[in-house]
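Take a look at the letters that make up each chain.
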Amino acid sequence: MADGVKGYGVLVSGGGTGIGHACAAALAADGAAVTICGRTESKLADSAERIEQVVANGGSIAYVVADVTDEASVAAAVAAAAEPTGTLNGVVANAGGGGGMGPYHLQDTDEFLRVLHLNVLGTMLTIKHSVPRMRAAGGGSFVGMSSIAGHVTHPYFGAYTPGKAGIEAMMRNAADEYGEAAIRFNAIRPGFIATEIMEGIPRDGEVYDSYIENTPMADVGLPEDVGHLARFLIGPESRWITGQCINVDGGHSLRRGPDFSPFIAPALGPDVMLGDLPSSASAPAPGVRG
């Protein structure tokens, strides 16, 4: 469609780095008035400065500091995103992440809840405060950021896998609830994407090899690969698509998830990995944030 997303007001949470930055850049480059939010102002400012270089077709970029697990903060971010155009037409709920890795019998309860809140509660609060504004705009599009881990087993990922599965369930339910209001809900399932977080996986190690061996295209994706799909799902070209969970993973979901046991097993031992308690104090398992 000729005008694409020109004039759209769009919120992108977690827009300071990686996938969120790429989603915001793709939308602003096609004319959307994009507001990014996140918890770290320095990262948001840097992201906005870089996006300024690609803004086109009347688009714009702004940022606001917000924590998606705090309801008042989410409400303020949604309001800020509607200011540039007077309406909110789309949301990319990208804020999320993982936490301490390890078998479930060694999971720290507080950390497990933190990850669930970040992914599930954060997405729900963003839905709660954006729906009335998209309804007032005559409709809109909401994109939830899931993961290949939301539907393909990723052993030792703790709360991350049920958190991402919860996002997918919310997208399907919300699509059913708000379809008559012309508000669409879809989820994106990135595979291994070359972001700052994934740089923590050594390229010469067994974990990285397990990703490549299980990816038919034998490579890793780029943030822009996700950003282009987010732009499509926000835009009018996808007007008849709702309630879907779409993979951006080079075919990885056709096979099996990665093997992170080399990160964890040496410190715990095979019996503990299978359910025994450590002989020493049961400290939380090694952690990687995703």
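Residues numbered from 1 in each chain as written. Predicted model: local features only at pLDDT ≥ 70, side-chain atom pairs only at ≥ 80, totals over all residues. Heavy atoms only, no water.

(A) Region of interest: helix H1 (residues 18-28). Across the 11 residues of H1, 11 count as buried, placing the element largely inside the fold. Looking only at H1, the buried set comprises Gly18, Ile19, Gly20, His21, Ala22, Cys23, Ala24, Ala25, Ala26, Leu27 and Ala28. (Buried < 20%, exposed > 50% of the residue type's maximum accessible area, 1.4 Å probe, protein only. Helix = DSSP H or I, 4+ residues; strand = E, 2+ residues; numbered from the N terminus.)

(B) Expanded view of the environment of Ala267. Take Ala267: it is sitting in helix H8 (residues 261-268). Residues Ala267 and Ile19 lie 248 residues apart in sequence; the distance between their C-alpha atoms is 32 Å.

(C) Representation of the nonpolar core within the structure. Counting residues in each nonpolar core, the largest one holds 29 residues, and the members touching the most others are Leu11, Leu88, Val91, Ile127, Phe142, Met171 and Phe185. Among residues more than four places away in sequence, those in contact with Leu11 are Thr35, Cys37, Ala77, Val78, Ala81, Leu88, Gly90, Val91 and Val92. Within the second largest apolar cluster, 28 residues are counted, among which are Leu27, Ala48, Met145 and Ile188. (Core = buried A, V, L, I, M, F, W, Y, C linked by side-chain atoms within 4.5 Å. Contact = heavy atoms within 4.5 Å.)

(D) Broad picture of the pattern of salt bridges. Under the definition given, this model contains eight salt bridges. When the shortest N-O distance is used, the salt bridge between Glu111 and Arg114 registers 2.9 Å. You can see Glu111 and its partner Arg114 sitting in helix H4 (residues 109-136), three residues apart, about one turn around the helix. Using a relative accessible area of 29% as the deciding quantity, one classes Arg114 as partly exposed. Beyond isolated ion pairs, a larger network of salt bridges with shared partners links Asp30, Arg231 and Glu237. (Salt bridge = Lys/Arg side-chain N within 4 Å of Asp/Glu carboxyl O.)

(E) Fine view of the packing of H1 against helix H7 (residues 223-234). Two numbers describe how H1 lies on H7: the axes approach to 8 Å, and their chain directions differ by 50 degrees. Here H1 is positioned oblique relative to H7, judged by the angle of their axes. In this structure, the crossing between H1 and H7 has a hand that is right-handed. Residues Gly18, Ile19, Ala22, Cys23, Ala26 and Leu27 of H1 touch H7, and the partners they reach there are Pro223, Glu224, Val226, Gly227, Ala230, Arg231 and Ile234. When the residues that make up the contact of H1 with H7 are grouped by side-chain class, the tally is nine nonpolar, two polar and two charged. (Axes fitted to C-alpha atoms, helices over the stretch in contact; angles between N-to-C directions. Parallel < 35°, antiparallel > 145°, perpendicular 65-115°, else oblique. Left-handed = near helix turned anticlockwise from the far one by under 90°. Nonpolar A, V, L, I, M, F, W, Y, C, P; charged D, E, K, R; others polar.)

(F) Summary view of the pairing of strand S5 (residues 140-145). Most of S5 is tucked away: six of the six residues are buried. The side-chain alternation of S5 yields two buried faces, one formed by Gly140, Phe142 and Gly144 and the other by Ser141, Val143 and Met145. As paired strands, strand S4 (residues 90-93) and S5 are joined by four bridges and run parallel to one another. Across the sheet, Gly90 pairs through a bridge with Ser141, a residue of S5. A crossover connection joins S4 to the parallel S5 through H4; in handedness this β-α-β unit is right-handed. (Pairing = 2+ DSSP bridges. Right-handed = clockwise from strand over helix to strand, strands pointing away.)

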